[in-house]
Amino acid sequence: MSPYAWLEQSLATIHRADWYRSVQSIHGSAGATVVLDGREVINFASNDYLGLAGDERLIQAATTATQNLGTGSTGSRLLSGHRELHGELESAIASLKKTEDALVFSSGYLANLGAITACVGKRDVVFSDEYNHSSLKNGAILSGAGVIEYPHCDVEVLKSKLQEVRGNYRRCLIITDSVFSMDGDLCPLPTLLNIAEEFNCMLLVDEAHATGVLGETGAGCVEYFDCTNRQLIQVGTLSKALGSLGGYVAGSKNLIDFLRNRAPTWIYTTALSPADTAAALSGINIVKQEPQRRNQLWENINYLKKLIVNLPNLKILPSESAIVCFQVESAAEALKIGNYLKAEGIFAPAIRPPTVPTSRIRISLMATHQQNHVEKLVEVLKDFG
Ligand code: PMP
């Protein structure tokens, strides 16, 4: 038998469980509406919360950077890949986050892997929320540290486990999403910070879905909870509300200096392209200068929440962000609803195990949605019954 025969069997198992996934092609620029399978549908599947991915200013910034600096950065940051533009972007991130410094990675996934594997190792322990994003979970595994998962947002269990084992390890790192990507709820950040302080732990918070969305200036959940001056490690992505591609870590000067010397996913990979870097920089400037975009996004979120309370059959999960989910019985039902929505002109994806423990439909709101987009979504959900 071929040593690759197991692939066919494993694929068959994935199909049987209704877990099989494939890509769908979106045509043209992705905005509040997109063309999918030849039809225009309202897009509730995008992480482009502020509608910046198609903004003329980001496009112009990327185009100019490409014309001036070329398409590729041609090397890793420590060798030939560094440009002044990377430094400008890092200063802009640090200024938005009000941290001493920041470091840009090629993606948010790589930022999490790099930060976690640099900060902890074999003699250490990581405490991880069970609903954390894959990049946090895999960062913890890759680090070689002991990994203890605590039930979702359960600070009591976290505390009692820390009491039990903290003394057995050198360093301790607590890792958590700030906005949970598949639920839309928030981590209890102030309590986590207090626990971290009490047990002498570091805390890493992933602001991927919070940056540009939460907080007075759009700095994220840390700002929303008024924790800007507390010591912690902030990670995020440039690919969601900031409209570009890439990731970052923001924190103290020492942390960033250390990561530049020890984070393998930063040291041994090619620097972010000029186009992505320039687009992200433009995105951050817009977040700072145009709070009305964030306000509009929140108007849309609150409008949807107001309308869906009239749909008592939907099991809406608690949400305090631009992500609103409703839970369904099974993966097969999630697929059925997802397909029904698509046929009715709504693009809202079915999210199934193993990505999440229970299947759901995930709705992401954008500042560029119109009221009638939200109304149409609610109408279709009502008809589905
Ligand atoms: N963290 C969270 C919470 C995410 O949802 C994502 C992306 N879905 C990432 C990290 C990874 O970010 P990127 O897409 O920039 O790799």
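Quick caveat: nothing in here was measured; it's all calculated off a predicted structure. (Residues numbered from 1 in each chain as written. Predicted model: local features only at pLDDT ≥ 70, side-chain atom pairs only at ≥ 80, totals over all residues. Heavy atoms only, no water.)

(A) Highlighting the domain arrangement of the protein chain. Along its sequence, the protein chain is organised into domain 1 (22–49 + 291–384) and domain 2 (56–289). Here the C-alpha centre of domain 2 lies 26 Å away from the C-alpha centre of domain 1. At the junction of the two partners, domain 1 supplies 23 residues and domain 2 supplies 26 residues. Summed over both sides, the interface of domain 1 with domain 2 buries roughly 1700 Å², with 53% coming from carbon and sulfur. Of all residues in domain 1, Tyr49, Arg294 and Glu320 give up the largest surface area on contact with domain 2, accounting jointly for 33% of the area buried on that side. (Domains from an automatic or database assignment. Contact = heavy atoms within 4.5 Å. Buried area = accessible area lost by both parts, 1.4 Å probe.)

(B) Seen up close, the state of the cysteines. Inspection of the entire model under this criterion finds zero disulfides. Not engaged in a disulfide, the cysteine Cys153 finds its nearest cysteine sulfur in Cys187; these two sulfurs lie 6.6 Å apart. Overall, the relative accessible area of 24% leaves Cys153 in the partly exposed class. The cysteine Cys201 is free of any disulfide, with Cys172 supplying the nearest cysteine sulfur at 3.2 Å. (Disulfide = S-S within 2.5 Å. Buried < 20%, exposed > 50% of the residue type's maximum accessible area, 1.4 Å probe, protein only.)

(C) Region of the structure containing the sheet that holds strand E12 (residues 323–327). An order of E11-E12-E15-E14 is seen for the four strands of this open sheet, with the pairing classed as antiparallel. The sheet is open, and its two edges are formed by strand E11 (315–316) and strand E14 (350–351), each paired on a single side. Bridge count for E12 against strand E15 (residues 360–364) is five bridges, and the pairing is antiparallel. Note that in E15 the partner of Cys325 across the bridge is Arg362. (Pairing = 2+ DSSP bridges. Helix = DSSP H or I, 4+ residues; strand = E, 2+ residues; numbered from the N terminus.)

(D) Broad picture of the UniProt feature "modified residue: N6-(pyridoxal phosphate)lysine" (unreviewed entry) in the protein chain. With numbering aligned to this structure, UniProt lists the feature "modified residue: N6-(pyridoxal phosphate)lysine" (unreviewed entry) at Lys240. In this fold, Lys240 is placed in the loop between strand E9 (233–237) and strand E10 (247–251). In this structure Lys240 comes out as buried when scored by relative accessible area, which is 15%. Excluding residues that lie within four positions of it along the chain, Lys240 makes contacts with Asn47, Asp48, Tyr49, Ala208 and His209. (UniProt positions renumbered as here; feature names shortened; annotations may be inferred.)

(E) Here's a closer look at the pairing of strand E8 (residues 202–206). Of all five residues in E8, four are buried; the element is thus mostly enclosed. Taken together, the five bridges between strand E7 (residues 172–177) and E8 define a ladder with parallel strand orientation. For Ile174, the partnering residue across the bridge sits in E8 and is Leu203. Crossover connection from E7 via helix H8 (residues 189–198) to parallel E8: handedness right-handed. Here E8 runs beside E9; their pairing, made up of three bridges, is parallel. Across the sheet, the residue bridging to Leu204 is Ile233, located in E9. (Right-handed = clockwise from strand over helix to strand, strands pointing away.)

(F) Inspection of the site of the ligand at higher detail. Residues in close proximity to the ligand total 14 residues, the closest being Gly108, Asp206, His209, Thr237 and Lys240. One of the side-chain N or O atoms of Thr237 is found 2.6 Å from an oxygen atom in the ligand. A distance of 3.4 Å separates an oxygen atom of the ligand from a polar atom in the side chain of Ser239. Protein burial of the ligand: of its 390 Å² of free accessible surface, 82% is covered by the chains. Class assignment of the residues belonging to the shell around the ligand gives a composition of two nonpolar, nine polar and three charged. (Near = heavy atom within 4 Å. Polar contact = N/O pair within 3.5 Å; in protein donor to acceptor, adjacent residues only side chain to side chain. Areas by Shrake-Rupley, 256 points an atom, 1.4 Å probe, with all protein chains shown as cover. Nonpolar A, V, L, I, M, F, W, Y, C, P; charged D, E, K, R; others polar.)

(G) Region of the structure containing the packing of helix H5 (residues 108–119) against helix H6 (residues 134–143). Two elements in contact, H5 and H6, have axes whose closest approach is 8 Å; the angle formed by their N-to-C orientations is 30 degrees. Taken as axis vectors, H5 and H6 run roughly parallel relative to one another. When the axes of H5 and H6 are compared, the crossing they make is right-handed. Residues Tyr109, Asn112, Leu113, Ile116 and Thr117 of H5 form the contact with H6, whose participating residues are Ser134, Ser135, Leu136, Asn138, Gly139, Ala140, Leu142 and Ser143. Taken together, the residues that form the contact of H5 with H6 break down as six nonpolar, seven polar and no charged. (Axes fitted to C-alpha atoms, helices over the stretch in contact; angles between N-to-C directions. Parallel < 35°, antiparallel > 145°, perpendicular 65-115°, else oblique. Left-handed = near helix turned anticlockwise from the far one by under 90°.)

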